[in-house]
Amino acid sequence: MGWARLESELESLLRGWKCVLICGVGNPFRRDDGVGAKVVQELVGRLPQGWVCLDCGTAPERCLDAAEEIGATHVLLVDAGEMGLQPGAVRLLDEGACYATELSTHRLPLGLLVQLLRTRGRRAAILAVQAVDLGWGEGTTEYVARAASRLADVLARVAGRR
């Protein structure tokens, strides 16, 4: 999927938003698994009112309370995953795809988290970035770092359109 298509899919998913929560998920000490935090960091100061970022680290369930507290209508979870794609490829996964894809190293499967968010009346999806290296170490690989920057740019553009 190209970046223009991803941007179009995000615009469609986020139609009618009142408050959007973007959650970075992952462990920054497991190389590319830190991509969620990297995207959240790159969005600081770039989003309009009504868009909130949260670094959930290795506890993605933190987004449940956060979404409730801020009244989020939409939740996007950003995480690294193994999807068999080119390094750094990004996919917007709906509920069905969330269960069919091995996404992360977290105890709570992100597909289940998306389902819980939806039962609470929120639109939710995962922005998955194809990892290269999930081994121990700091810093993302070059492919994933570039994807994180591009994804942050796309999210900032989509957020800027009302």
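Residues numbered from 1 in each chain as written. Predicted model: local features only at pLDDT ≥ 70, side-chain atom pairs only at ≥ 80, totals over all residues. Heavy atoms only, no water.

1. Focus on the sheet that holds strand S4 (residues 90-93)
- Read across the open sheet, the 5 strands follow the order S2-S1-S3-S5-S4; overall the sheet is mixed. Only two strands of the sheet have a single partner each, and these edge strands are strand S2 (51-57) and S4. In this sheet, adjacent strand axes meet at a mean angle of 20° when their direction is disregarded.
- Both strand S3 (residues 74-81) and strand S5 (residues 123-130) contribute to a ladder of 8 bridges, which runs parallel. Paired with Gly81 across the two strands is Gln130, which belongs to S5.
- Each of strand S1 (20-25), S2 and S3 is contacted by helix H3 (residues 62-70), which is oriented at about 160° to S2, the strand it contacts most.
- Against the sheet, helix H5 (residues 110-119) touches S1, S3 and S5, its axis set at about 160° to S5. (Pairing = 2+ DSSP bridges. Helix = DSSP H or I, 4+ residues; strand = E, 2+ residues; numbered from the N terminus. Axes fitted to C-alpha atoms, helices over the stretch in contact; angles between N-to-C directions. Contact = heavy atoms within 4.5 Å.)

2. Concerning the pattern of salt bridges
- Overall, the coordinates contain 8 salt bridges when judged by the stated rule.
- Between Glu11 and Arg161 there is a salt bridge, with the nearest N and O atoms lying 2.0 Å from each other. Here the residue Glu11 occupies a position in helix H1 (residues 3-13), and Arg161 occupies one in the segment after helix H6 (142-160), the gap between them amounting to 150 residues.
- With relative accessibility at 39%, the residue Arg161 sits in the partly exposed group.
- One salt bridge in this structure joins Lys38 and Glu42, with 3.8 Å as the shortest N-O distance. With Lys38 and Glu42 both in helix H2 (residues 35-43), this residue pair falls 4 residues apart, about one helical turn.
- With relative accessibility at 25%, the residue Lys38 sits in the partly exposed group.
- Each of the salt bridges in this network shares a partner with another, and the network as a whole consists of Glu7, Glu11, Arg157 and Arg161. (Salt bridge = Lys/Arg side-chain N within 4 Å of Asp/Glu carboxyl O. Buried < 20%, exposed > 50% of the residue type's maximum accessible area, 1.4 Å probe, protein only.)

3. What about the packing of H3 against H5?
- Put simply, H3 and H5 touch, their axes get as near as 10 Å, and they point 25° apart. Accordingly, the angle class assigned to the pair H3 and H5 is roughly parallel. Handedness of the H3/H5 crossing: right-handed. Two secondary-structure elements touch here, H3 through Cys63, Leu64 and Ala67 and H5 through Leu113, Leu116 and Leu117.
- Taken together, the residues of the contact of H3 with H5 sort by class into 6 nonpolar, no polar and no charged. (Parallel < 35°, antiparallel > 145°, perpendicular 65-115°, else oblique. Left-handed = near helix turned anticlockwise from the far one by under 90°. Nonpolar A, V, L, I, M, F, W, Y, C, P; charged D, E, K, R; others polar.)

4. Let's talk about the pairing of S3
- The element S3 is extensively covered by neighbouring structure, given that 8 of its 8 residues are classed as buried.
- As paired strands, S1 and S3 are joined by 5 bridges and run parallel to one another. Within S3, the position partnered with Ile22 by the bridge is Leu76.

5. Focus: the environment of Gly57
- Mapped onto the secondary structure, Gly57 falls in strand S2.
- For Gly57, a relative accessible area of 18% corresponds to the buried category.
- Distance in space between the C-alpha atoms of Gly57 and Trp3 is 25 Å, their sequence separation being 54 residues.

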